[in-house]
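Listed below are the residues making up each chain.
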Amino acid sequence: MPHGDFHPVLFVIMAVWVLVCGLGVVAFRNVVHSAMSMVLCFLGVAAAYVLLNAGLLAIIQILVYVGAISVVVLFAIMMTDQRETKLGFFFNRQAIFAAPLAVAAAVVITVILVTSKMAPNGSQSHNVSLAGIASGLFNGYVFPFELVSFVLLAAMIGAIVLARKEDQP
Amino acid sequence: MSPVDWYLTLATGLFCIGAYGVLARRNVLLIVMSLELMLNAVNIALAAFANFMPHAGARGTFFVLFIITLAAAEVTVGLAIVVANYRNRRSVQADEFSELKG
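In short, a report on the structure.

1. Re helix 5 (residues 130-139) of chain A
Move 1: Here helix 5 of chain A has its buried residues at Ile133(A), Gly136(A) and Leu137(A). Each buried residue of helix 5 of chain A lies within a common arc of 100° when the element is viewed along its axis, so the set occupies one face. Residues of helix 5 of chain A that are exposed and point over 90 degrees away from its buried face: Ala131(A) and Asn139(A).
Move 2: Buried positions along helix 5 of chain A lie against helix 3 (55-79) and helix 6 (142-163) of chain A together with helix 3 (59-89) of chain B.

Below, the structure written as structure tokens:
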């Protein structure tokens, strides 16, 4: 397989996979089915990263999204009672307004992106080595890196405080 | 259409599917999942820019890494709020949380 080129067949397979699984997330009535569809959609996004020549992002996508976030979402589904929510219909009162809005936004954004000249010679890919990512992350971007670790710590403490039972110290 | 346009079209489609989920579904967990879809769509667009644009370097990769980290923080806090709210209200339906409605 030539490295870093655009593969139309692989792209179409990946895009159909991602979009069908994404539609499954919003279309399934059972929340667990939606969560499973979300996991498959995240796997498709990891495939998109592989096609985009970003193997590190694909591995992190599988570790963080497919591994961690999916488990957190499934835990939240398990801890909340979902029996009555199976009656949440696909076409309810909000969907009548939301569906044309989403379709119109998709059409408008796509037309704007395609007609704009953002990628004049964007046909060949530009490979970035793992060493380049590492040196950039720990030299020029070390302050956002440390800041984001602090945000993660705050989120961890916040989640513990929020989900803790009130009567237990 | 150049390859980056195809990836941006895919990202737009996934983003609008997520936006539809946020707008139309009433289950708070499904709203959080749709938000994750929208963040993934933005990540696809950034990775496409990082790959296909000249002189982009590794900046797109940095953006995607930071967005993934912040999405993990966001989903943790969001689902903790959902669980804490469920403990008080016995519900995860967004239109039943109406204490602040005037």
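We are not done yet, so read on.
2. Description of the nonpolar core
Move 1: Membership of the largest hydrophobic core comes to 70 residues, with the highest contact counts inside it found for Met14(A), Val73(A), Tyr7(B), Leu14(B), Met33(B) and Ile44(B).
Move 2: Of all the elements in the fold, those that place two or more residues in this core are helix 1 (8-27), helix 2 (31-51), helix 3, helix 4 (93-115) and helix 5 of chain A together with helix 1 (3-24), helix 2 (28-52) and helix 3 of chain B.
Move 3: Those residues in contact with Met14(A) that sit more than four places away from it in its chain are Gly44(A), Ala47(A), Ala48(A), Leu51(A), Tyr7(B) and Leu10(B).

3. What to know about unusual backbone geometry
Move 1: Positive phi values are uncommon outside glycine, yet Asn53(A) reaches one of about 70°.
Move 2: With respect to the secondary-structure elements, Asn53(A) resides in the loop between helix 2 and helix 3.
Move 3: Phi at Arg90(B) is positive, roughly 55°, even though this residue is not glycine.
Move 4: Within the secondary structure layout, Arg90(B) lies in the segment after helix 3.
Move 5: Residue class for Arg90(B) comes out exposed when judged on its relative accessible area of 54%.

4. Some thoughts on the interface of chain B and chain A
Often the size quoted for an interface is simply the accessible area lost on bringing the parts together.
Move 1: Counting residues at the interface gives 67 residues for chain B and 81 residues for chain A.
Move 2: Of the roughly 6,700 Å² buried where chain B meets chain A, counting both sides, 76% is carbon and sulfur surface.
Move 3: The interface formed by chain B and chain A contains zero salt bridges.
Move 4: Contributions of two or more residues to the side of chain B that touches chain A are made by helix 1, helix 2 and helix 3 of chain B.
Move 5: Among the elements that take part in the side of chain B that touches chain A, helix 3 of chain B stands out by supplying 22 residues, more than any other.
Move 6: Looking at the side of chain B that touches chain A residue by residue, the classes come out as 45 nonpolar, 15 polar and seven charged.

Cut-off values and rules
- Residues numbered from 1 in each chain as written.
- Chains lettered and ligands numbered in written order.
- Predicted model: local features only at pLDDT ≥ 70, side-chain atom pairs only at ≥ 80, totals over all residues.
- Heavy atoms only, no water.
- Buried < 20%, exposed > 50% of the residue type's maximum accessible area, 1.4 Å probe, protein only.
- Helix = DSSP H or I, 4+ residues; strand = E, 2+ residues; numbered from the N terminus.
- Arc of directions from axis to C-beta.
- Contact = heavy atoms within 4.5 Å.
- Core = buried A, V, L, I, M, F, W, Y, C linked by side-chain atoms within 4.5 Å.
- Buried area = accessible area lost by both parts, 1.4 Å probe.
- Salt bridge = Lys/Arg side-chain N within 4 Å of Asp/Glu carboxyl O.
- Nonpolar A, V, L, I, M, F, W, Y, C, P; charged D, E, K, R; others polar.

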